[in-house]
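# Topology and contacts: notes
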Amino acid sequence: MIIGAPKEILNNENRVGITPAGVTAFKSNGHEVFVETNVGLGSGLIDQEYILMQVQPLFQQKRSMVCRYGI
């Protein structure tokens with residue numbers, strides 16, 4: 001399964017759809033994971049934490065690609 005998490009776009013909304021720990025859980029079960037650049041910034045999570053989990057954050061311009069996978 002392909003799982004993607006776009007960055008929240010609502011004002012004052014700081015939740016994140018998937019944490020680095022969640023990425024690990026999904027990947028350990030064979031899923032492919034994508035996140036948008038700065039997806040966790042409002043929650044205090046930086047892209048480097050996702051990169052350490054072997055997920056390459058996608059630039060905002062590629063948001064439509066992430067959305068095409070059912071997000």
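Residues numbered from 1 in each chain as written. Predicted model: local features only at pLDDT ≥ 70, side-chain atom pairs only at ≥ 80, totals over all residues. Heavy atoms only, no water.

Across the protein, the average pLDDT comes to 83, with 82% of residues at or above 70. The spread of mean pLDDT over the elements of the protein runs between helix α3 (residues 63-68), the lowest at 53, and helix α1 (residues 20-28), the highest at 94. (pLDDT = per-residue confidence, 0-100. Helix = DSSP H or I, 4+ residues; strand = E, 2+ residues; numbered from the N terminus.)

So, on to the pattern of salt bridges. Within this structure, the stated rule accounts for one salt bridge. Salt-bridge contacts for Glu-13 lead to Arg-15; the nearest nitrogen and oxygen are separated by 2.8 Å. (Salt bridge = Lys/Arg side-chain N within 4 Å of Asp/Glu carboxyl O.)

Burial in α1 covers these residues: Pro-20, Gly-22 and Val-23. Within α1, the buried residues cover an arc of 150° as seen down the axis, which keeps them to one side. Counted as exposed and oriented over 90 degrees from the buried face of α1: Ala-21 and Ser-28. Those residues of α1 hidden inside the fold are in contact with β2 (32-35) and α2 (47-52). The first or second residue beyond α1 is Gly-30, which carries a positive phi of 85°. (Buried < 20%, exposed > 50% of the residue type's maximum accessible area, 1.4 Å probe, protein only. Arc of directions from axis to C-beta. Contact = heavy atoms within 4.5 Å.)

One can find Gly-4 in strand β1 (residues 2-5). In this structure Gly-4 comes out as buried when scored by relative accessible area, which is 19%. It is 5.7 Å that separates the C-alpha atoms of Gly-4 and Val-33, two residues lying 29 residues apart in sequence.

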